[in-house]
Amino acid sequence: MGGPKYTERMFRYLVAHAPTFRLDRCGWPHREPAVLVAEEKNALRVQAATPSAQQAGIRPGMSVAAARALLPHVEAELLDNEAEAADLLALTHQLLRISPCIAAMPPDAVVAEIARVPGAGTERALLERVRIRMKQLGHPAHIVVADDPTTALNVARWQQTNRIIPPNEGHLALAPLPLAALPMPTKDRALLESLGILTIGQFAALPPSAVTGRFSPAAVIAHAMSSGRSPRPTLHPWIENGPLVLTQDLPDPISEFEALSFVVGALVRDLTARLIARSQAITHVELGLRLSDGRSQSIGLRLGAHTRDSTAIMNRIRHRTADLKLGGPVVAVTLTTDAASAFDGHQIDLRDPLRKNDSIADVSAKLLDALGSRSVLSARSIPRHRPEGAWRPVPFGTPVPSSTGSAAQCLVSAHAPDPVFAWEGQPEAIAPDRPPIMLSPPEAIEVDVDQGNQPTAVHLSGRWESVEQRLGPEQISGEWWSRPFQRTYWQAALSDGRRCWLYKEHGRWWLHGWWDR
Amino acid sequence: MVASRVVGPVNEPIELVCRTAFSFGEGASTPEEIVERAAELGFSAVGITDRDGVYGLPRAHRAALACGIRVLPGALLTIAGGPGVALLAQDAGGWSNLTRLLTDARKDTPKGWGQLPLQQLLDRSRGLEAILLGHWTPESTQAMRECFGESLSLALTRRLDSHDVKHWDRMAVLSAATQVPLVATSDAIMHSSSRKPLHDVLTCIRRKCTVDNAGSALAANAMRCLRSPSAMKRMFASAPSALERTHEIAHRCTFSLDDLRYLYPREIVPEGWTPIRWLRHETAIGLEWRYPEGTPAKVTSQVEHELRLIEKLNFSAYFLTVYDAVRFARDRNILCQGRGSAANSAVCFALGITAVDPAHSSLLFERFISEERGEPPDIDVDFEHERREEVLQYVYKRYGRHRAAMVNEVISYRRRSALRDAGKALGLDPDQIDRLAKGVQWFDRNAINEAKLTEAGLNPRDPRVQQTVTMAEALKGMPRHVGIHSGGFTVSDGPLIDLCPIEPASMKGRTVIQWDKDDIDTVGFVKVDLLSLGMLTAIRKGFDMVKEHTGQCLSLASIPADDPGVYDMLCRADTMGVFQIESRAQMSMLPRMQPRCFYDLVIQVSIVRPGPIQGGMVHPYLRRRRGEEPIEYAHPSLEPILKRTLGVPIFQEQVMAMASAVGGFSPGEADALRRAMGAWRKRGTLGPLAEKLMAGMRANGISDAYAQQIRDQIRGFGEYGFPESHAASFARLVYVSAWLKHHYPAAFCAALLNSQPMGFYSPRSLLDDARRHDVDVRPIDIQKSHWDNTLEPTGQRSWAIRLGFRQIKGLPKQAGLRIQTEREAHGTFQSIASLQCRADINRSALATLARADALQSLAANRRHALWAVQGLYDLPLFRGLQRTDDAHLPESTEIDEMREDYRSFGLSLAHNPVGMVRETLTQKGFISAAEVHAVPGGRTVKVAGMVAHRQRPGTAKGVVFMTLEDETGLLNVVIKPHTFERQRKTIVQHNLLEITARVQRDGQSVSLLASRFSPLKAPKPEKLTSRDFR
């Protein structure tokens, strides 16, 4: 059984369908009842289920509540589309050795064109290799070889078998499958079912001329597929879309960085041109210098934000190399980028306080270089009454969400037509007066009060400071659904000129912050 | 009782601005809670100022009367493009201005909103006290000052939040600049700070967010609650004049809802006539019409007696109003029937308001209109449900929109809606909330337990789930929104708009007042109920069919009385489709009751109700009726009251009369008892009235056990009780519908189908019942069917039902009517293409017809018909052209046919899912519904069928009743609570069931006591639904 002899114009596709890939990649063993869920039609719905969950009757498309009604302790994991796509891509990488013409078939399959792989062996051998490889990778799969990927995938998915479909026999393999295996609008499928046509084979038996006009264009395409006339995509050899590496050998060694900067500048311009061509931007670049004695010297540069602006990159390089001592004459210069990401093409929002002054980005980039990204943060305010929860730290430069995000979303809907809103004005839109220096956690403090329970003196650093002026009380309470609190705050101007923020809760006083003098 | 107009000592502040739960989604306390708390805190008066409405004022007024404090009526008005103003009525003129302003504010705004241009407010400032809230500009404030003068104030609030200091500074500056004085207020939205969580939840519901992401949209603290006068003094210590101002304002506002002067319209009487003379005149004409052979002496004297009482109580205009609406309906051939306390009078019979002939009944007028009670009579008129709107629009036109309006209905949170909204606010998954709400809607009247939560996919130990349940309980009973009363109309002599704001209802063409039916009682408005009843539509359509096919003209009054055949049918409980007595409970009662006369029907419709059931009156009545126990009276004075019901109290009026006769109640107290019955459900107690009743009965030598029974019965009436007057009117419709079913079963069934949705049974059950009565049911046919179901003669006096296009799901009515019209005009259709062209029907509608097998005369079978339809060109230019290519389509099986039938019209004439597996069932020892009737009681049987209904009535102590249907008939299945709880999932989730059960017999009544359920393995139709009830 040597398999078919390939001709010049012949295509053969191998599809590996891993039915449990989506949950395997999340680490759910098959015996655990677990489902992958995503929001669809106003409810969290099952996207995939472990075999154990499927045994309890849980099926894709079912709501989580319905699944839990069948199996109360079923675990639900929220689908992370990006991570899943990345993992499928990684899985695809692993099969590159089978064929360079390979692609992911989201969400749980990989396809390879195998007719043009020199020395790949027979289709049977190839199928077996892929089956074993998939199993080794922890994703048992059904492998089908056919003339077109759609047929192969459908047979793998619906018949759950390993199979080689001989050339020109795809339609025979598809014939027993249900109509649901074909991509077709529900309306067309219902119509076909009313006509008694329940399998792909029955559908294929309809004359093409009879299908055209009676059904939607999508059903006409599905009919072509049912007859083994699926589109056969051209899978190009895999091109890695990794970091860019640009090198310039120097005709003569250069010992001064000032002189070297012209070469570096030219490389940066090349780099940005290529980034533009790839619609990408970078946040990090590494400058490598090969010295005449064979040693290397490298300098890593953070760019603050995604960019492909040659001037900005060059400015960063100049700043970073201002005090650089070259280890010797340089014979070659290399620029290496990090994994470039797609350039979103957004115009800088001049109203954005973080962007209105470029120097902020510049300073932050320097700080990031010096301290690392984990140490440079900015505060984002949150419309919340609990003072210590009314902001959160975000990595510096994280863009402010425009219209998505829970808090923003809430405000959008809150400002939607609301009779009360017109009444009360927009109290929540006016930021309350809060001290710029907040103590976290607040410090327990001794406070003297008068008969009206108002603070008259506070005990700080071992001595009593009298309260010269006070503002309050301000009562803040809430969050009864999670961590209830109820506090009475005072702003107190102390005799030493400082102004502090105090509160009383459960009979105890706490110091919560300071204003600048 | 009129409340005192004194507002307490000058140095005691008064809370002038309070929002109740009728500021929807905002106020977290009911008007009663606000008023009761205000009284408790020592306020002598409290201002009720809901946002853009006065919905809660009558309730606050009632509470205030009980607490002995004053309510200052007012409202908060939203100014277009700006902040708001609290308006309090100083006098009747001010109130009139306020109601007109609110009417204008609601006129062109979306439902739930109000908004008014400032200029309109300035034009109607007289008699109003204005308190400015929110951010007013100096210019607008000045403009207000020029109009309101001394009656304008600036609200000074103290919320102890981060804006307080700025607010005080701003108000001080504005006051100084405009010379408008400040007035202190808490601007309360809850009666106690403990309501803060509920207020947060309401805020989230209103703003469509969750507590987690609401952030600062929630109030920063719980300070916006009612605070005591002493607390107010402390908080506004630095602004004593603002506190004094509260007293000044309250002193000026002397208006009370007691001051409203409502007058009934007078112009329904022709020039030169007084209402009573005109009523006498019309009654006399009516008697000639009713009794062409001459009015019986008994009726003449009864009419005279009633007219004298009507004149004495000045109710003639009211009777004439109802008569006017009924006459309009009669002129347009709209069937109607009156019911209610005065409807079964001889006068109403003469005027055509009711069809209950006083010559054939002995209902006492005094029982329905009480001179001592002195309250307006109650006449509800039911009209055909499909044509009631015509009558409503007539009333609007007759009196004008400024004098006539429908009555509002406050929709309060129930468990299901409370769970949904609280769940959303607390961020539960919408699907889980949906399942939980649906799960508890029907079966779970008690607290939600862990099992129910687990079943809904929720973790019962999750604090968030527990909070949802707690908040849902807190929400329950709070007003959610206002709707429109089912038929309550109020009309007035002068402009109604001066008495209460009128607003457009959601339903086009209707306007409503802001008060509901209880509220208008408080303010003395008179209401006429113009209701809709599906059975009247069915009866009229039945009459029309009988006339078309036999020439016999029938009317509610002309149906021959006391037909023994009809009563025989009722005794057999053969009542599917018959008005009021078609339910499982009624059907099980009929063989035991054995009704033989009209009054038996009056009792029949009343006895299967929570009142008599909870009072334990059903079995004593049946035993006495069968002569198994002597007819005795607990006290001699009860004999005249209870004689007609064999010594057992069954009607609401009897309980009231008993309270007077042996409970020592005055007529006023008996009336209070009647009201308390209605409020039982809300309050859960009859209060001192119950104790007084028990003591009175004890003093009259009535045993404690009997007195206890009466008390339980009153509680039952609170759930749902039937006055005799209603029962008598309904009994008439029971008899008429039963008569139609007995004599014209085909017409009766077709009429019911043509009046859907209505009644207890699905079209599938109704048609199966008709076929069991030897009525041939013919399929929908493009060449013969009409839009409606019609009759086709099959013999001298027998007819078959031809199913109409209306039975096909998804077929547009216009398409069905066009087919009918075209066929009647130009004859039958020769091909599907000619049908498309002649009737101008698109391919989608034709496919619907093909799937329903309505094109059988034009194609070999429904699949070929559908194939042919799909081959038509749909573009107008190519209409009638058809693709001729053929295809080999698989032959359909019986199961395919049955499934297509159910998909198309929810039933199958040719195939019954249970019948299809009968052979297998028989082999496994299952018997049919028809066979069960021959099985002796006590024996265990196995049956299978489709679930027609599930029901868990409140009076059944957790027992679930199920109606099971197979190809031979219906079965009543009784499920004990423990059986139900054990097998809940199977019972609730499957509509095709196998049941093991024990046969129970009580006379001719047969039921099954179920012990085991399992899903029936039979071909399941795609859409097989049951009708489930509480």
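Everything quoted here is computed from the prediction, not taken from an experiment.

## Examining the overall build of chain B
Assigned secondary structure in chain B consists of 44 helices and 23 strands. Its C-alpha radius of gyration of 32 Å places chain B within 12% of the 31 Å reference for a compact globule of 1030 residues. For chain B, the spread of C-alpha atoms along the three principal axes comes to 90 × 80 × 65 Å. Pairs at least 24 apart in sequence give 72% of the contacts found in chain B among residues at least 6 apart. Of the roughly 39,500 Å² that chain B leaves accessible, carbon and sulfur atoms contribute 51%.

## Things to note about the overall build of chain A
In terms of helices and strands, chain A carries 16 helices and 22 strands. In chain A, which comprises 517 residues, the share counted as buried stands at 41%. In chain A, 54% of the contacts between residues at least 6 apart in sequence involve partners at least 24 apart. When the accessible area of chain A is evaluated, it comes to approximately 26,800 Å², of which 53% is carbon and sulfur surface.

## Regarding helix α5 (residues 123-136) of chain A
Along its 14 residues, α5 of chain A runs 20 Å from first to last C-alpha, staying within 8% of the 20 Å computed at 1.5 Å per residue. Buried residues along α5 of chain A sit against β1 (13-17), α4 (81-94), β7 (142-146) and β8 (163-164) of chain A.

## Quick notes on the packing of aromatic side chains
Throughout the structure, instances matching the rule amount to 25 aromatic pairs over all chains. With a centroid separation of 5.0 Å and an interplanar angle of 75°, the aromatic rings of W273 of chain B and W278 of chain B are classed as edge-to-face. Given a relative accessible area of 13%, W278 of chain B falls into the buried group. Clustering of aromatic rings is evident, with ring pairs tying together Y489, W501, Y503, W510 and W515 of chain A. A cation over a ring is seen here: R277 of chain B above W273 of chain B, with NZ or CZ 4.7 Å from the ring centre. Here R290 of chain B stacks its cationic end above the ring of F349 of chain B, 4.1 Å away from the centre of that ring.

## Looking at the sheet that holds strand β2 (residues 45-51) of chain B
Two orientations exist for strands paired in a sheet by backbone hydrogen bonds: parallel and antiparallel. Residue and element names in this part refer to chain B. Spatial strand order, β1-β2-β3-β4-β5-β6-β7: seven strands in an open sheet with mixed pairing. The strands lining the two open edges of the sheet, one partner per strand, are β1 (15-18) and β7 (182-185). In this sheet, adjacent strand axes meet at a mean angle of 30° when their direction is disregarded. As judged from the four bridges shared by strand β6 (residues 152-157) and β7, these two strands associate in the parallel manner. Bridge pairing in β7 places T157 opposite T185. The strands touched by helix α6 (residues 164-178) are β6 and β7; relative to β6, the strand with the most contacts, the crossing angle is about 160°.

## Description of the interface of chain B and chain A
Contacts between chain B and chain A engage 72 residues on the former and 57 residues on the latter. Roughly 5,200 Å² of surface becomes buried between chain B and chain A when both sides are summed, with 57% attributable to carbon and sulfur atoms. Looking only at chain B, the three residues that lose the most surface to chain A are R207, S216 and W867 of chain B, adding up to 12% of its buried area. The interface formed by chain B and chain A holds 16 residue pairs in polar contact (both at pLDDT 80 or more) in total. Ranked by residue count, the leading element in the side of chain B that touches chain A is helix α7 (residues 196-207) of chain B, at six residues.

## Describing the pairing of β1 of chain B
Residues and elements named next belong to chain B. Note: β1 against β2, two bridges, orientation parallel. Looking at β2, one finds that C18 is bridged to I48. Handedness of the β-α-β unit built from β1, helix α1 (residues 31-41) and β2 comes out right-handed.

## Examining the nonpolar core
Counting residues in hydrophobic clusters, the biggest one holds 163 residues, and the most contacted among them are F203 of chain A together with I801 and L849 of chain B. Sequence-distant contacts of F203 of chain A, defined by excluding residues within four places in its chain, comprise L179, L182, M184, L192, I197, V211, A219, A222, H223 and S226 of chain A. Core analysis: the second largest hydrophobic core is formed by 123 residues, L102, L128, Y318 and F383 of chain B among them.

## Some details on the domain arrangement of chain A
Splitting chain A by domain gives domain 1 (11-165), domain 2 (239-342) and domain 3 (437-515). On a C-alpha basis, the centroid separation for the pair domain 2 of chain A and domain 3 of chain A is 54 Å.

## Considerations on the sheet that holds β8 of chain A
Residue and element names in this part refer to chain A. The strand order β5-β6-β1-β7-β8 describes an open sheet built from five strands, whose pairing is mixed. The open sheet has two edge strands with one neighbour each: β5 (102-105) and β8. Looking at chain direction, β1 and strand β6 (residues 109-113) are connected through five bridges and run antiparallel. Across the sheet, residue Y13 finds its bridge partner in β6, namely E113. Seen against the sheet, α4 touches β5 and β6 and runs at an angle of roughly 150° to β5. Running over the sheet, helix α6 (residues 149-159) touches β1, β5, β6, β7 and β8 and is turned about 30° from β1.

## Section: the packing of α1 of chain B against helix α2 (residues 57-67) of chain B
Residues and elements named next belong to chain B. Packing of α1 against α2 brings their axes to within 8 Å, and their N-to-C directions diverge by 30°. On the basis of their axis angle, the class for α1 and α2 is roughly parallel. Taken as a pair, α1 and α2 cross one another with a handedness that is right-handed. For the pair α1 and α2, the contacting residues are P31, E32, V35, E36 and A39 in the first and R59, A60, A63, A64 and C67 in the second. Its residues assigned to classes, the contact of α1 with α2 comprises seven nonpolar, no polar and three charged.

## A word on the confidence of the model for chain B
Residue and element names in this part refer to chain B. Overall, the prediction assigns chain B a mean pLDDT of 88, with 93% of residues at 70 or greater. The element-level mean pLDDT for chain B is lowest in helix α29 (residues 667-683), coming to 64, with helix α33 (residues 745-754) highest at 97. Across residues 441-445, confidence stays below pLDDT 50; counting only partners more than four residues off in sequence or on other chains, it has 23 contacts. The ipTM, which scores confidence in the relative placement of chains, is 0.76 for this predicted complex, and the corresponding pTM is 0.76.

## Focus on the pattern of salt bridges
Residue and element names in this part refer to chain B. Tallying each qualifying case throughout the model produces 77 salt bridges over all chains. Across the salt bridge formed by K107 and D104, the nearest N and O atoms sit 3.2 Å from each other. Of this pair, K107 and D104 both sit in helix α3 (residues 92-107), three residues apart, which is roughly one turn of that helix.

## Description of a nonpolar patch on the surface
Residue and element names in this part refer to chain B. On the surface, Y873, L875, L877, F878 and L881 cluster together into a nonpolar patch covering about 520 Å² of accessible area. Mapping L877 onto the fold places it in the loop between α38 (862-870) and α39 (894-905). For L877, a relative accessible area of 75% corresponds to the exposed category.

## Some points on unusual backbone geometry
Cis geometry marks the peptide bond from P106 of chain A to P107 of chain A, where omega comes out at 10°. For D187 of chain B, which is not a glycine, the phi torsion comes out positive at approximately 50°. Here D187 of chain B shows up in the loop between β7 and α7.

## Observations concerning the side chain of T49 of chain B
For T49 of chain B, the location among the structural elements is in strand β2. Not counting the four nearest positions on each side in its chain, T49 of chain B is found in contact with L16, V17, C18, R19, G74, A75, L76, A86, L87 and L88 of chain B.

## Concerning the side chain of Q604 of chain B
Considering the arrangement of structural elements, one finds Q604 of chain B in helix α24 (residues 598-607). Not counting the four nearest positions on each side in its chain, Q604 of chain B is found in contact with I581, Q586, M589, L590 and M593 of chain B.

## Focus: the packing of helix α5 (residues 138-148) of chain B against α6 of chain B
Residues and elements named next belong to chain B. It is the contact of α5 with α6, at a shortest axis distance of 10 Å, that shows an interaxial angle of 50°. By the angle between their directions, the pair α5 and α6 is classed as oblique. Considering the relative orientation of α5 and α6, their crossing is right-handed. Residues P138, T141, Q142 and R145 of α5 form the contact with α6, whose own contacting residues are L174, A177 and T178. The residue inventory of the contact of α5 with α6, partitioned by class, reads three nonpolar, three polar and one charged.

Conventions and cut-offs
- Residues numbered from 1 in each chain as written.
- Chains lettered and ligands numbered in written order.
- Predicted model: local features only at pLDDT ≥ 70, side-chain atom pairs only at ≥ 80, totals over all residues.
- Heavy atoms only, no water.
- Helix = DSSP H or I, 4+ residues; strand = E, 2+ residues; numbered from the N terminus.
- Rg over C-alpha atoms; globule rule 2.2 N^0.38 Å.
- Contact = heavy atoms within 4.5 Å.
- Areas by Shrake-Rupley, 256 points an atom, 1.4 Å probe, with all protein chains shown as cover.
- Buried < 20%, exposed > 50% of the residue type's maximum accessible area, 1.4 Å probe, protein only.
- Expected span 1.5 Å × (residues − 1).
- Phe/Tyr/Trp six-rings, centres within 6.5 Å; stacked < 30°, edge-to-face > 60°.
- Lys NZ or Arg CZ within 6 Å of the ring centre and 35° of its normal.
- Pairing = 2+ DSSP bridges.
- Axes fitted to C-alpha atoms, helices over the stretch in contact; angles between N-to-C directions.
- Buried area = accessible area lost by both parts, 1.4 Å probe.
- Polar contact = N/O pair within 3.5 Å; in protein donor to acceptor, adjacent residues only side chain to side chain.
- Right-handed = clockwise from strand over helix to strand, strands pointing away.
- Core = buried A, V, L, I, M, F, W, Y, C linked by side-chain atoms within 4.5 Å.
- Domains from an automatic or database assignment.
- Parallel < 35°, antiparallel > 145°, perpendicular 65-115°, else oblique.
- Left-handed = near helix turned anticlockwise from the far one by under 90°.
- Nonpolar A, V, L, I, M, F, W, Y, C, P; charged D, E, K, R; others polar.
- pLDDT = per-residue confidence, 0-100.
- Salt bridge = Lys/Arg side-chain N within 4 Å of Asp/Glu carboxyl O.
- Patch = residues over 30% accessible without salt bridge, like charges linked within 9 Å, V, L, I, M, F, W, Y side chains within 5 Å.

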